[in-house]
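Read off the chains here:
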Amino acid sequence: MMGRTIFIDPGRCIGCQACVSACRECDSHRGKSMIHLDYPDEGRSVASLPTVCMHCEDPVAPCAEVCPADAILVTADGVVQQADTSRCIGCANCVNACPFGVPKIDLQAKLQMKCNLCYDRTAYGLAPMCATVCPTGALFYGTLDELRAERPGVQVADSFTFGATTVSTGVAMVVPADKVQWPVPGGLPIVEVNGVDVR
Amino acid sequence: MTHAQAGQPLPLDPSVAPPGTRNFRDAGGIPADRWHADQNGETLVPTHCCFCGVQCGMYLRVDQAGKVFGVEPRNHDINRMRLCPKGINAYQQVNHPDRLTSPLMRSNRDEPFREVSWEEALDFTVSEVRRIQGEYGNDAFGLLGGASLFSEKTYLVGKFARVALKTRHVDYNGRLCMVSAAGANKLAFGIDRAGNPFSDILLTDCLLIAGSNVGECFPVMTQYLWGARDRGATLIVVDPRETPIARTADLHVALKPGTDSAFFNSVLHVVVAEGLTDEAYLAAHTTGWEEVKKTVADYPPARAAEICGVPEEQIVQVARMFAGVDKAMAWHARGVEHHSQGVENCLSIINLCVATGNIGRPGAGYGTITGQGNGQGGREHGQKSDLLPGGRSIANPEHRRQICEIWGIDEAELPPAGTSMMEMVWQMQRREIRGLIGICNNPFVSLPNYATVKDGYDTAEFHAQFDFFLSETAANAHVVFPVTVWAEDEGVMANAEARVVKHNKAQEPPAGVRTDTWVICELARRLGAADKFDFPDSRSVFEELRIASAGTVNDYYGITYERLEETGGIAWPCPDTEHPGTPRLFEDGRTYHPDGKVHLQVVEWHPPMDPYSEEFPLSLTTGRTVAHFLSGNQTRRLGALVEQTPRPWVEVHPSLGFRNGDPVRVVTRRGSEVFPALVTEAIRPDTVFVPYHWPVPTAANALTIDALDPRSKIPEYKVCAARVEPAERIDEVPAPPTAPGQVAYPETQVSRADPLPPTAPQGRGTSERS
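Residues numbered from 1 in each chain as written. Chains lettered and ligands numbered in written order. Predicted model: local features only at pLDDT ≥ 70, side-chain atom pairs only at ≥ 80, totals over all residues. Heavy atoms only, no water.

Turning to the sheet that holds strand S1 (residues 43-48) of chain B, a few remarks are in order. Residues and elements named next belong to chain B. On the basis of which strands lie adjacent, the open sheet formed by three strands has the order S1-S2-S3 and antiparallel pairing. At either end of the open sheet lies a strand with only one pairing partner, and these are S1 and strand S3 (68-73). With strand direction ignored, the average angle separating the axes of adjacent strands in the sheet is 35°. Relative to strand S2 (residues 57-62), S1 is paired through six bridges, and the arrangement is antiparallel. (Pairing = 2+ DSSP bridges. Helix = DSSP H or I, 4+ residues; strand = E, 2+ residues; numbered from the N terminus. Axes fitted to C-alpha atoms, helices over the stretch in contact; angles between N-to-C directions.)

Okay, structure coming up:
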């Protein structure tokens, strides 16, 4: 049973970037946002999609696995923390290893930064800043039961395929009901292979 | 006590933080020593956002030195902790380096401003008022207020114009906002406000959103939309563009701009034809139904489909979806109201709601979504040219007598109604108005047909402006008074639900800055009306406002500062201090007309005022983007918001042959400007869209037409004839007039695998204020 986590519902995202601004206000990386917003079908639709750290569970945190300085702590409750500033060497291995494109590097300080699920807030029972402010509920923080109490019948996925690799995550994504039976492809959908429409 | 006590626990939204199950974060619930405000020695001041008509509750974070330095979500009834990017970043204006901190003055517009004392600025202003009024009469001086002001200040603006300046010419920038809806509501129901609270949206079966880009203009309202949809409600969006909420609606009707009343007349035609009207309600509670029914008979779907450029089936579908359920609601905004037939458009939607019996019930009703924070309250107490406090008519002898008694003036001294905001600009061009004071408005960006506006202001012999940043309009003035931002004073605003909420003071204003109340009272004193303007603070003004509204439809008498601090806000009418307020209107079936009935109004569609031709075959429509607010005087200075949306663009359909980013010249009968193309299928092929938050040379309002609705006098921003053509280069976005620097966000040199956009937004200048 999935515990309290962030659920991302791209169907509700209005692209307002309140999450991006709210992330900047978080005390743990004040002034810098750890969220990015994608526009997967620009030119045809106004659809948008926020990405926060997915807090990978299996394999556990590729970013942490590749860190040569052992700077990225994964806590007992599955939260992948921002790199420890006393150990981080700013090598950007984590940036390259992350399948979701989440960690950022402060080039000047040579330090990594990433979403830590607002640990300073969630550890005390508050929701992360992004999910707190999200006007539409595209970012929801709570348990799956709480999500379903608000949104009857909602289906979520917490595994994503990248080629032959499947990654299970602590953060889950709301998906259309008929798509929940198999893992959700990571990255943008493949629509064309060698000139052939494979949709 | 307006400040939260240090150490007061944060409000906790029970929906996001009940005890959980998975891990230690969840296992023990919330520790007793959980995160709280004073861990950093800070204070949380409960207040509301300064921007749109949703009026989200928020806390401002105040440091030990008494300075606002951040924001914290607040579990207020309205927003339940949600905030949009404008709300999150709003606090940055409080201590922004662009703040004006000294009065500025010059004797003519060719000179640079010089910093002067308050005495000098006030004396010069008063001497100019006396000179102009002495030579040309009292009505040669005008006053333009703003709907971002607290209601206390809007009350003072109206009183100051009529009692101290003794001029008929007072109006406000809410004229550019929801006056069409106000006019329609008054005609139909005898009351000028939305019929239902936002929370009723959660209870509806079918929600119709017309001409409102809710996702970008009122993002926090979307939680109500989704709440309704989670419970099974259908969503219909009527808008020329595929807005973020239209994208996932059950039905998106992309009608041609300027055809709303034809569309809604036709929907009502189908409702009648299919026997979906509520005849019992119509018979018992309305007048004028037979005439309306006769009129809509002339709008069969085939005719409306041709006018509106939408399939007939969609008209039928809307009628069945809206009228085929027990509870339906319609909410609309500027897309419907910004037209030369804005009042008619709103009336056609009201006709649909009333004919289907969707009025005065939980989950059934109508509303208009206010654009400005106090767009609703801003006109209720006398700032609008034809209204006296309490929404009284300035033409009504009894209303005039009542107010003169409260103000202690002779009835003969009270001027008649003046003209509207755009008309006052025309009067300045004609030298009928020769002097003007503007209070927290920016017509150089917000009024249509910029060339006319510039000419009008340039023709005025004297212009003074109140503002906290040097707006494009203030940069034209002879005198600029530096005044407080919202977080430096207290007062009330009425949101789109007519819920009155209280804003609290979070910090002292910078040295040299005064409240609008103080400046108005000082000017009044120097004009010889000191005894009528003895208001040391907002509270004292509010106490007079309460009395001045007592017994009217807009009754605030029962609302007190203390009650507002204890509650999540109180909806007027609220006639006594025990009254709970009136969140939902007409529950007893009675309206505010003397006969208690809904006065249905006949609506006939007519084409927009700017005719299409071979030379101008397209519709230009304008609107907002989520990162910016109105004329952008506030948001164009905030780094995060500028970074999010640095410049305007023109949205064009792929069929027009442009590629993304191409320089596109948009030409109308007023002029032309160049914008980068945003090529998208999310807009009609015959329509182009430009957001309006920027000044020339990238000002949508240099292109829009200054045609007015004959009743509401709202400009027809949302449609004019245009063409687009390739251009060679894109004009630079001008920096704000002073712009010594934006709030520096420390997001420098932060990189993902791909670099983030540069921190310095495009087109920002670094020139010092002259």
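Here the narrative resumes.
Residue and element names in this part refer to chain B. Tallied over the full model, the rule gives 22 aromatic pairs over all chains. Both rings, one in Phe 51 and one in Phe 629, keep their centres 4.9 Å apart while their planes meet at 50°; by these two values the pair is tilted. In this pair, Phe 51 sits in the loop between S1 and S2 while Phe 629 sits in the loop between strand S23 (618-623) and helix H22 (639-644), placing the two residues 578 residues apart along the sequence. Given the relative accessible area of 1%, Phe 51 is considered buried. Accessibility expressed as a relative area gives 3% for Phe 629, which makes it buried. Their ring planes at 10° and their centres at 5.7 Å tell us that Trp 118 and Phe 481 sit as a pair that is stacked. One end of the pair, Trp 118, is in helix H3 (residues 118-136); the other, Phe 481, is in strand S18 (residues 479-482), with 363 residues separating them in the sequence. Ring pairing ties together the aromatic residues Trp 118, Phe 466, Phe 481 and Trp 518, which thus form one cluster. In this structure, Arg 74 packs its charged tip against the face of Tyr 59, placed 5.9 Å from the ring centre. In this structure, Arg 106 packs its charged tip against the face of Phe 113, placed 4.0 Å from the ring centre. (Phe/Tyr/Trp six-rings, centres within 6.5 Å; stacked < 30°, edge-to-face > 60°. Buried < 20%, exposed > 50% of the residue type's maximum accessible area, 1.4 Å probe, protein only. Lys NZ or Arg CZ within 6 Å of the ring centre and 35° of its normal.)

Here we take up the domain arrangement of chain B. Residue and element names in this part refer to chain B. For chain B, the assigned domains are domain 1 (43-93), domain 2 (104-177 + 374-571), domain 3 (178-368) and domain 4 (609-769). For domain 1 versus domain 3, the separation of C-alpha centres amounts to 32 Å. With twelve residues of domain 1 in contact, the opposing surface of domain 3 contributes nine residues. For the domain 1 and domain 3 pair, buried surface summed over both sides reaches about 770 Å², with 63% attributable to carbon and sulfur atoms. Taken as a group, Val 54, Ile 78 and Arg 80 account for 45% of the area that domain 1 buries against domain 3, more than any other trio of residues on that side. Linking domain 1 to domain 3 there are zero salt bridges. The tally of links between domain 1 and domain 3 comes to four residue pairs in polar contact (both at pLDDT 80 or more). (Domains from an automatic or database assignment. Contact = heavy atoms within 4.5 Å. Buried area = accessible area lost by both parts, 1.4 Å probe. Salt bridge = Lys/Arg side-chain N within 4 Å of Asp/Glu carboxyl O. Polar contact = N/O pair within 3.5 Å; in protein donor to acceptor, adjacent residues only side chain to side chain.)

Residue and element names in this part refer to chain B. Ranked by size, the top nonpolar core spans 118 residues in total, and within it Phe 160, Phe 189, Phe 263 and Phe 533 carry the most contacts. Here this core takes nine residues from helix H14 (residues 342-355), the largest share from any one element. Residue-level mapping places this core at the junction of two domains, with at least three residues from each of domain 2 (104-177 + 374-571) and domain 3 (178-368). Leaving out residues up to four positions away in the same chain, Phe 160 has contacts with Leu 143, Leu 165, Lys 166, Ile 437, Ile 520, Leu 523, Ala 524, Leu 527 and Phe 533. The next biggest cluster of nonpolar side chains, apart from the first, holds 82 residues, and it includes Tyr 224, Ala 246, Val 501 and Phe 658. (Core = buried A, V, L, I, M, F, W, Y, C linked by side-chain atoms within 4.5 Å.)

A separate point is the layout of surface pockets. Residues and elements named next belong to chain B. One number sums up the size of the second largest pocket: a volume of about 750 Å³. In this structure, the second largest pocket is lined by 37 residues; those nearest its centre are Lys 186, Lys 384, Asp 386, Leu 387 and Ser 393. Breaking the lining of the second largest pocket down by element, the ones donating at least two residues are helix H5 (179-189), strand S15 (392-393) and helix H15 (397-407). Here the residues of the lining of the second largest pocket are counted per class, giving ten nonpolar, 16 polar and eleven charged. (1 Å grid on protein atoms, 1.4 Å probe; cavity = no way out; pocket = protein on both sides within 12 Å on 5 of 7 lines; lining within 4 Å. Points joined across faces, edges and corners; volume = space filled by probe spheres on them. Nonpolar A, V, L, I, M, F, W, Y, C, P; charged D, E, K, R; others polar.)

This part takes up a nonpolar patch on the surface. All names here are of chain B. Judged by side-chain polarity, Ile 406, Ile 547 and Tyr 557 come together as a nonpolar surface patch covering roughly 250 Å² of accessible area. Relative to the helices and strands, Ile 547 is located in helix H20 (residues 538-549). On the accessibility criterion, Ile 547 (48% relative accessible area) is partly exposed. (Patch = residues over 30% accessible without salt bridge, like charges linked within 9 Å, V, L, I, M, F, W, Y side chains within 5 Å. Areas by Shrake-Rupley, 256 points an atom, 1.4 Å probe, with all protein chains shown as cover.)

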